[in-house]
Amino acid sequence: MQLGGLHHLTAITGNASQNVAFYTQVLGMRMVKKTVNQDDVSAYHLFYGDEVGHAGTELTFFDWPHAGSSRPGTGLISAIMLGVRGRAALEQWVQRLDAFGIEHDGIAMRGTRAVLALRDPEGQRLELLDDEGKLAGVPWQKSPVPPEMALRGLYGVRFTIKQLERTERLLTEVLNFRRAGSYQLEQGHEVLTFEVGPGGPGAEVHLEVRPDLPFGHAAIGGVHHVAFRTPNDEEHQQWRARLADVGSNVTPVIDRFYFHSIYFREPGGILCEIATDGPGFATDEDVATLGESLALPPFLESRRREIEANLQPITPIDFSPRT
């Protein structure tokens, strides 16, 4: 029984219209599902991914405009890593970000990895890395970003935690991760890398251990949780049983309609999910029109009028190059 890597990452926005514009127009991702947070139907849940939103390509956002700003520290996902195809693509991204006036740190080397760090308009930390041709995301045909520099999927995720031992034990002894190496951040802090399943891009968790930092708080500009992949319901149930056996406070299986989920917190406090690869986002919409209208799972459909009345419309914003 092996996790297949990352399924999705869910972050927090306070401005849905700006969020849609940045991730579709600047980063060139496709909005594959516009729905609501099933636990808080007053909030959008926006899903971005490749052409059809394959598991492993999905970056999603809860729209919570009153959440305040994230406070950096431990117990947080401190960076979302996205893969591109080769060093040349990173160099093209430098030019594109400069053209749009998006601040970035330039291309840096972390060991043998080339990385381009940037922040979205709300301060969300993103890192683009050369995926060495290993991510299988299919570029969106209508993307404003050329296919040769398209984001190919989730590369990895970085946890910032106070202490290593308990988190490492959960990753390696329960979730079947294995230690894969280490590198130093530009500030000199060491990061340990762990991989699962096929390993490499798409299947990595990076641990930055910072006992000197206070606990942080995830809000606007921060990450809410990370989800890992499992292929089917049978293995999903096995993962739930395994987590329950070791004393993790794991939830029952929750039917999210597009996938099934269980949730638990790793010892450092970060919320984690294991989600099934399917049924997928084309379950209730045609692939050609994914994300164009508000999609609701069947168990919320009877409340559509009420839900739509309480959502702020997403209005078009034009992100145009400055140069």
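Everything numeric in this text was worked out from a predicted model, so none of it was measured.

Colleague: I'm lost on the overall build of the chain in this one. Help?
Modeller: When you go through the chain residue by residue, the secondary structure sums to 6 helices and 16 strands. Its C-alpha radius of gyration of 19 Å places the chain within 12% of the 20 Å reference for a compact globule of 323 residues. Its C-alpha atoms give the chain principal-axis dimensions of roughly 50 × 50 × 35 Å. Relative to its full complement of 323 residues, the chain shows a buried share of 56%. A separation of at least 24 residues holds for 67% of the contacts in the chain among residues at least 6 apart in sequence. Accessible area for the chain stands at about 13,600 Å²; split by element, carbon and sulfur atoms hold 49% of it. Side chains of the chain carry 30 positive and 42 negative charges; the gap between the two charge centres is 3 Å.

Colleague: Which parts of the structure should I look at to understand helix H1 (residues 16-26)?
Modeller: Since there are 3.6 residues in each turn of an α-helix, residues three or four apart along the chain are aligned in direction. Counted residue by residue, H1 has 9 buried out of 11 residues, so it is predominantly covered. Backbone geometry just after H1 places Gly28 at a positive phi near 75 degrees.

Colleague: Looking at this structure, I do not really get the pairing of strand E13 (residues 223-230). What am I missing?
Modeller: Each regular strand displays side chains that alternate between the two surfaces of the sheet. Where burial is concerned, most of E13 is hidden: 6 out of the 8 residues are buried. Pairing of strand E1 (residues 6-13) with E13, which is carried by 5 bridges, proceeds in the antiparallel orientation. Its bridge partner being in E13, His8 is matched across the sheet by Ala227. Looking at chain direction, E13 and strand E16 (residues 271-279) are connected through 5 bridges and run parallel. From the neighbouring strand, Ala227 faces E16, where its bridge partner is Glu273.

Colleague: What should I look at first to understand the pattern of salt bridges in this one?
Modeller: Opposite charge on two side chains makes pairing possible when the charged atoms of those side chains draw close. Taken as a whole, this structure holds 21 salt bridges when the rule is applied. Through salt bridges with shared partners, a single network forms among Asp105, Arg110, Arg125, Glu127, Arg158 and Glu186.

Colleague: Mind showing me how you'd approach the side chain of Glu208 here?
Modeller: Along the chain, Glu208 turns up in strand E12 (residues 204-209). Polar contacts involving the side chain of Glu208 include one to the side chain of Arg210, which spans 3.3 Å. Not counting residues within four places of it along the chain, the set of residues in contact with Glu208 comprises Ser78, Arg158, Phe159, Thr160, Ile161, Leu185, His189, Glu190 and Val191.

Colleague: Quick question: what am I supposed to make of the pairing of strand E11 (residues 190-195) here?
Modeller: Within E11, 5 of the 6 residues are buried, which leaves the element mostly enclosed by the surrounding structure. Bridging between strand E10 (residues 178-184) and E11 involves 6 bridges; their strand directions are antiparallel. Its bridge partner being in E11, Ser182 is matched across the sheet by Leu192. In sequence, E10 turns back onto E11 through a hairpin of 5 residues, with Gly188 there showing a positive phi of about 95 degrees.

Analysis parameters
- Residues numbered from 1 in each chain as written.
- Predicted model: local features only at pLDDT ≥ 70, side-chain atom pairs only at ≥ 80, totals over all residues.
- Heavy atoms only, no water.
- Helix = DSSP H or I, 4+ residues; strand = E, 2+ residues; numbered from the N terminus.
- Rg over C-alpha atoms; globule rule 2.2 N^0.38 Å.
- Buried < 20%, exposed > 50% of the residue type's maximum accessible area, 1.4 Å probe, protein only.
- Contact = heavy atoms within 4.5 Å.
- Areas by Shrake-Rupley, 256 points an atom, 1.4 Å probe, with all protein chains shown as cover.
- Lys, Arg positive; Asp, Glu negative; His and termini not counted.
- Charge placed at Lys NZ, Arg CZ, Asp CG, Glu CD.
- Pairing = 2+ DSSP bridges.
- Salt bridge = Lys/Arg side-chain N within 4 Å of Asp/Glu carboxyl O.
- Polar contact = N/O pair within 3.5 Å; in protein donor to acceptor, adjacent residues only side chain to side chain.

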